[in-house]
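Single-letter residue listing:
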Amino acid sequence: AITVADSRLQRWTVIRSVSKALGPDLRLAVVAGDGLTIARIEGRQRLGPRWVSHILQDAVAAMWSDAKTMRQVERACYTYALRRNSLIDELAKVGIVAQGRSGLNVWIPVVDENAIVQSLLEEGWAVRPGAAYRVRSAPGIRVTISALKPADAHRLANDFARALRPRASTNVA
C-alpha cells in the first residue's frame, strides 16, 4: 500500500472492497487518497448510478463494529489461508510453482492455459484460464480455493502435474 508519507507521489489511492469479506451484495469499498483524487471521486459518486446508499454504508459500519462478525471474518481468513497454502504446498511437492499471498485464488503459470483447463476438467476440476485476469503476465491458470478442502489439495496437485506432462500425439485418419 502507498502511504501519505510517500511524498514522491502527487496522486494516489488505496481501495479496499468489503464484498469478499462481508458478502457480495455489499458493493461498497473504502477509498483513501490525496485530496484532489478523493475530491474527483466524490464528485463522480454523488447521487448518480454509482451512489452508495447510506443504509448500506451504515450496515457495513455496524458489521465492522460487531465483535462476532469480525471473529467470523477472521475465521474465514484463516480457513482460506489454510486452503490456499495447502494447495501451494502440495503443488510445490510435485515441482509446480504457484502464487497466492491472500484472497481466494492461486495463480499457476502454464504454457497452454486451455489444454490444462480441459485436462483438469476431465479429472473433475473446474479451473479458469488466466487470460481474463492478466494484462502483461505470462499464461497461467486461476484456481479458486474457496471450496477446496486441504485434504483435496494433494489430489488436485497430482492431477495438475499429470496435466502438464506431454501427451502422446494423436494420429489423423
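Remember, predicted model here, so these are calculated numbers, not experimental data.

(A) Layout of the overall build of the chain. When you go through the chain residue by residue, the secondary structure sums to 6 helices and 5 strands. The order of α-helices and β-strands along the chain, N terminus first, is β-α-β-α-α-α-β-α-β-β-α. Over its C-alpha atoms the chain spans a radius of gyration of 21 Å, topping by over 25% the 16 Å that the globule rule assigns to 173 residues. Overall size of the chain, expressed as C-alpha extent along the three principal axes, is 65 × 40 × 35 Å. The burial tally for the chain puts 31% of its 173 residues in the buried class. Sequence-distant contacts in the chain: of pairs separated by 6 or more residues, those separated by 24 or more amount to 57%. Of the roughly 12,200 Å² of accessible surface on the chain, a fraction of 54% belongs to carbon and sulfur atoms. For the chain, the separation between the mean place of its 25 positive charges and that of its 15 negative charges on side chains is 3 Å.

(B) Region of the structure containing the packing of aromatic side chains. One pass over the structure, following the stated rule, counts 0 aromatic pairs. The ring of tyrosine 133 has arginine 142 lying over it, and the distance from NZ or CZ to the ring centre is 3.9 Å.

(C) Representation of the pairing of strand S3 (residues 105-109). Taken across its 5 residues, S3 has 4 buried, putting it largely inside the fold. Pairing of S3 with strand S5 (residues 140-144) involves 5 bridges; the strand directions are antiparallel. For proline 109, the partnering residue across the bridge sits in S5 and is glycine 140.

(D) Structural detail: the pattern of salt bridges. Under the counting rule described, the total for this entry stands at 5 salt bridges. We note a salt bridge from arginine 11 to aspartate 34, for which the minimum N-O separation is 3.4 Å. Here arginine 11 is found in the segment before strand S1 (13-17), whereas its partner aspartate 34 is found in the loop between strand S2 (29-33) and helix H2 (35-45), with 23 residues between them in sequence. Judged by its relative accessible area of 45%, arginine 11 is partly exposed. With a relative accessible area of 9%, aspartate 34 lands in the buried category.

(E) A look at the nonpolar core. Leu87, Leu91, Ile108, Leu120, Ile141 and Phe160 are the most contacted members of the largest nonpolar core, which has 23 residues in total. For this core, the secondary structure elements donating two or more residues are helix H4 (67-93), S3, helix H5 (113-122), S5 and helix H6 (150-164). Each residue touching leucine 87, except ones within four places of it in the same chain, is listed here: Val106, Val143, Ile145, Leu148, Ala153 and Leu156. Of all hydrophobic cores here, the second largest spans 7 residues; its members include Leu28, Val52, Val60 and Val73.

(F) Quick look at the packing of H5 against H6. Interhelical geometry of H5 versus H6 gives an angle of 130° and a closest axis separation of 9 Å. Of the possible angle classes, the one that applies to H5 and H6 is oblique. Taken as a pair, H5 and H6 cross one another with a handedness that is right-handed. In contact with Ile116, Ser119 and Leu120 of H5, H6 contributes Leu156, Asp159, Phe160, Ala163 and Leu164.

What counts and how
Residues numbered from 1 in each chain as written. Predicted model: local features only at pLDDT ≥ 70, side-chain atom pairs only at ≥ 80, totals over all residues. Heavy atoms only, no water. Helix = DSSP H or I, 4+ residues; strand = E, 2+ residues; numbered from the N terminus. Rg over C-alpha atoms; globule rule 2.2 N^0.38 Å. Buried < 20%, exposed > 50% of the residue type's maximum accessible area, 1.4 Å probe, protein only. Contact = heavy atoms within 4.5 Å. Areas by Shrake-Rupley, 256 points an atom, 1.4 Å probe, with all protein chains shown as cover. Lys, Arg positive; Asp, Glu negative; His and termini not counted. Charge placed at Lys NZ, Arg CZ, Asp CG, Glu CD. Phe/Tyr/Trp six-rings, centres within 6.5 Å; stacked < 30°, edge-to-face > 60°. Lys NZ or Arg CZ within 6 Å of the ring centre and 35° of its normal. Pairing = 2+ DSSP bridges. Salt bridge = Lys/Arg side-chain N within 4 Å of Asp/Glu carboxyl O. Core = buried A, V, L, I, M, F, W, Y, C linked by side-chain atoms within 4.5 Å. Axes fitted to C-alpha atoms, helices over the stretch in contact; angles between N-to-C directions. Parallel < 35°, antiparallel > 145°, perpendicular 65-115°, else oblique. Left-handed = near helix turned anticlockwise from the far one by under 90°.

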